[in-house]
Amino acid sequence: MDSAELLRDHLAALLPEGGEVAVHWRDPRLGEGRAATPGAADALNRRAAAALAGIGPEGESGLDLLWEELGMRVAVAARARRPLDAAMRARWLRLAESAVALAVRAERARAQVRALQKSERLQQALYEIADLSGSSLEMQHMLARVHAVVAALMSAENFYIVLYDDLRETVRFLYFADRIDAWKADPEREIPLDDLPNSLTAALLRYGQPLFGAPAAIRARLGVAADPRHGPDSADWLGVPVRRGSRVCGAIVVQNYEVPDSYSVEDRALLEYVAQHILTALDRKHAQRELERRVDERTRELQRANRVLQAEIVERQRAERLQRALYRISEMSVEAGSLTRFYADVHEVVSGLLYAENFYIAMLGGDGARIEFPYSVDARDTVRPPRQLARGLTEFVIRTGQALLADRSTIDRLEAAGDVRSQGSRAHCWLGVPLVRDGVAIGAIAVQSYTEDVDFDARDQELLTFVAHHIGGALSRKRAQDSLKAAHAELESRVEARTRELREANRELRALVGERTRAEQRLIHQARHDQLTGLPNREHLLEKLDAAIAAVQAGEAGPFAVLFFDLDRFKLVNDSVGHAAGDDLLVEAGRRVRRALAAGDTVARLGGDEFAVLLQEVPEPRLAQHVAARLLVELGRPMWIAGRELFPSASIGIACWQPRYRRGDEMLRDADAAMYRAKALGRDRSALFDEQMRAEAMRLLDLEADLRRAILADDFEPHFQPIVRLRDGAVVGHEALLRWRHEQRGLLGPDAFIGVGEDSGLIEQVDWLMYRHVVRWLSRQPAGYVSINVSPRHFRSEDFADRLLRLLDDAGADPGRLRIEITEVALLDDAPRARRMLGALRERGVLVLLDDFGTGFSALSYLHRFPIQSIKIDRSFIAGLDGASSAESLALVRAILALASNLGIETIGEGIETLQQRDLLLQLGCGFGQGYYYGRPEPSA
């Protein structure tokens, strides 16, 4: 009891002029003890001991006290220096009893505090051990931290952990720390237990119960002989086995070299408890390491599979490019046009397959003694004139009829052997293949490079040889076609001359009059009918419509209706199987419609794949809709065209007679509008024109007029939305967004007028007004880039890139701070032209962003074919990250980011509106973002 001395001194101070006091106590938890004033007589201690034991009479002085509470007994014996009266004695006894009670309760409170502190230290130690088991620390580092935790609970400067395999009878010293024993443990080494016959550790593992005390006493208890090979003996030793179920799987040992009896029963129990948690931590760590090993192994397997898959993809893409090139060559051979154009197209095809910046086609002259170059594009030899056959590389290929792949050393070797003599600039690497017709080389195709950066290989040779074989056939067909055209022209000239002679010779014959009459009738028929299908044409139909309107207005006929339709995806048929097959499809469609109509109805071809039908006697719209449904069924039946089974469909617009119609073209216009409504609803259906469509048409007409006035007044202005770096929120650039300050409707976003602008072609003028404002703003800004949206229509203009660069130069703006945003549609119509434009802009520093990525159908092929700097992940995917479809959106965004990372392309997340979306994108590896979370579009001020 720590406060016994204080209690003794306090009781002695309560006696008059001091005195002697002896205090004895006994407690089941605190044990026994005594305290007495210095120099107190032995008789005083005997009185206190007798009172504590409950024997002996009360002392002579009457100052003896026995206090009991909850098993705690405290006996006090006191003697004053002078006798006390009864009142003084009674007061002292009351004060002494109160002091004893307060001291005992204070000591119990301190004992509880110590117990709670010890429990807290133990709980904190277990928490730390659990945390360490789940950490990413290496095993030895983790065990060193565990050692430090155990050392905070007891004397554990010398500490080791051993694992035991009871089936193999081996042990591994997983961790060993000893300040005296210099032995170094190898955690991976397995030691047979028989090699440790006199080891206390081996004895502990076999004994299977905790042991503590002096090592000599433990050996005597277990019958183990002393063996200095197992290290020096400590003053005190404590070891506990670690169990997994009923099996001993290891042990934990601590020892103290200085203090005997330093470990108690409480330390043993504590170490046993901690040992089981250390075992759990080791199991978790081993499981984590095993999981990491399996993950690494699986990752390597996936990487190997991915490399194989990537190789297959590259090979398939190469085959697809080659197949497209061959299709293109076949198409070019039958297309109208000059040989010069054909050669240029061949160059473009070859450029899509391999490096062909320096490319030429050589052909033998008619006499076989000269070589001509009908097409040549070269960075150094800009002009390649014809020449007599010599010993050049081109002649070598034609002479041998074999392809030649030669680097600089190979060319030098051929020259030294006298086989060739270089003509023109010396190439670093040269590849030529023969053009063969009927087994004879008639020319050659060659590509070459002048720098060490570009080399050709055997695959390039194989590819160019294969392409050259098809080019030779195409060239033969082209020449035959040109010869046939010339023959036809000559034949037509002769026929015309002979006709003139016959007309002159038979001028006075009456038969000529009849022939002329029939010719006039044919011309009239041709003027009023479509030459391909034989159906009435637009002019013929308009005449009938005007006549029908006049008849209804005069009361001579009933109401009628007009059906306007075209074939869905007709362009796909032309692009895939050719225009001849498309013509066959139009003829068959005309036949089917004609068969499905009544005798008095009229079907006409208006041009392209557009047809119109005049239905007589249609008193109500339901009848016209019924006829349209019948036409859709008839047109939808499969048909065989060019050896393929096609399943055509159509979109039909219906306009019924209304008194407001005055001309037939008005009804055609409304039926056309209804047809586009049918297409918007999903194609292969019909739609009836109503007043709502008319109102919408009037609204669009007014909006177009407003748009034209706004262009003249320059009522457009850019608003800028920041683009930020996600990891620190720094603004790196802005996107310029188009706004129209309408004189009546206020500020309008592009959604309100972009459709009208695209349909009318006015969007190009609006864009250039917008670009001028943006470039001026850019020239005034000190840092950051600006991105502008570019419509696909701009890519149909050859001078778009030059015009944009001139605009930058005039404003004094840095082209490297301007980026253009395009969609996949901009790259569809004419990919070579788009690639040239983007390349020209890239040379001046203008970078390209691919907008709305992931919503198209061909984006993957464009990422490596075009100079794309960044892709913008569509806002629909970003919005889905914290919505109902978060799993699907997360997978899509992760795939896009992985693809962009592999290709070295930046990623920008569009439409970030919440902190959760921003955090998810940052975790997934997205570099940049924009959206309302970072800022709304603001005007330039």
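Residues numbered from 1 in each chain as written. Predicted model: local features only at pLDDT ≥ 70, side-chain atom pairs only at ≥ 80, totals over all residues. Heavy atoms only, no water.

A. Main features of the side chain of Thr394. Note on placement: Thr394 falls in helix α9 (residues 393–400). Looking at Thr394, the relative accessible area reads 4%, which means it is buried. Ignoring anything within four residues of it in the chain, the contact list for Thr394 reads Tyr360, Ala362, Ile371, Arg387, Trp430 and Ala444. (Helix = DSSP H or I, 4+ residues; strand = E, 2+ residues; numbered from the N terminus. Buried < 20%, exposed > 50% of the residue type's maximum accessible area, 1.4 Å probe, protein only. Contact = heavy atoms within 4.5 Å.)

B. Structural view of α9. Most of α9 is tucked away, with six of its eight residues classed as buried. Just downstream of α9 lies Gly401, where phi reads positive at about 70°.

C. Region of the structure containing the pattern of salt bridges. One pass over the structure, following the stated rule, counts 42 salt bridges. We note a salt bridge from Asp412 to Arg426, for which the minimum N-O separation is 3.0 Å. One end of the pair, Asp412, is in helix α10 (residues 408–416); the other, Arg426, is in the loop between α10 and β15 (429–437), and 14 residues separate them in sequence. We classify Asp412 as partly exposed; its relative accessible area is 34%. Among the residues examined, Arg426 registers a relative accessible area of 45% and is labelled partly exposed. With a closest N to O distance of 3.1 Å, Glu798 and Arg833 form a salt bridge. You can see Glu798 sitting in the loop between β27 (785–789) and α21 (800–811) and its partner Arg833 sitting in helix α22 (residues 831–843), a full 35 residues away along the chain. (Salt bridge = Lys/Arg side-chain N within 4 Å of Asp/Glu carboxyl O.)

D. Examining the environment of Pro722 more closely. Position of Pro722 relative to the elements: it lies in strand β24 (residues 716–725). When the C-alpha positions of Pro722 and Thr340 are compared, they lie 49 Å apart, and in sequence the two are 382 residues distant. In this structure, Pro722 is in contact with Val731, Gly733, His734, Gly929, Gln930, Tyr934, Gly935 and Arg936, ignoring residues within four places of it in sequence.

E. Examining the sheet that holds strand β17 (residues 561–567) more closely. The strand order β18-β19-β17-β22-β23 describes an open sheet built from five strands, whose pairing is mixed. Since the sheet does not close on itself, it has two edges, and those belong to β18 (602–607) and β23 (686–688), each with one partner. For this sheet, the mean angle separating the axes of adjacent strands, direction not counted, is 20°. (Pairing = 2+ DSSP bridges. Axes fitted to C-alpha atoms, helices over the stretch in contact; angles between N-to-C directions.)

F. Just empty space enclosed by the protein, in detail. According to the stated counting rule, one finds three cavities of 30 Å³ or more in the structure shown. Of the voids in this model, the largest cavity is the one considered here, and its volume is about 170 Å³. The wall of the largest cavity is formed by 17 residues, among which Leu393, Gln423, Ser425, Trp430 and Gln448 lie closest to the centre. Secondary structure elements with two or more residues in the lining of the largest cavity: α9 and α10. (1 Å grid on protein atoms, 1.4 Å probe; cavity = no way out; pocket = protein on both sides within 12 Å on 5 of 7 lines; lining within 4 Å. Points joined across faces, edges and corners; volume = space filled by probe spheres on them.)

G. Geometry of the layout of surface pockets. The computed volume of the second largest pocket comes to approximately 930 Å³. Lining the second largest pocket are 34 residues, with Glu735, Leu737, Pro750, Asn789 and Asp851 positioned closest to its centre. Of all elements in the fold, only β25 (731–742), α19 (754–760), α20 (763–780), β27, β28 (818–822) and β29 (847–853) reach the threshold of two or more residues within the lining of the second largest pocket. At five residues, β25 tops the list of elements feeding residues into the lining of the second largest pocket. Tallied by class, the residues present in the lining of the second largest pocket amount to 14 nonpolar, eight polar and 12 charged. (Nonpolar A, V, L, I, M, F, W, Y, C, P; charged D, E, K, R; others polar.)

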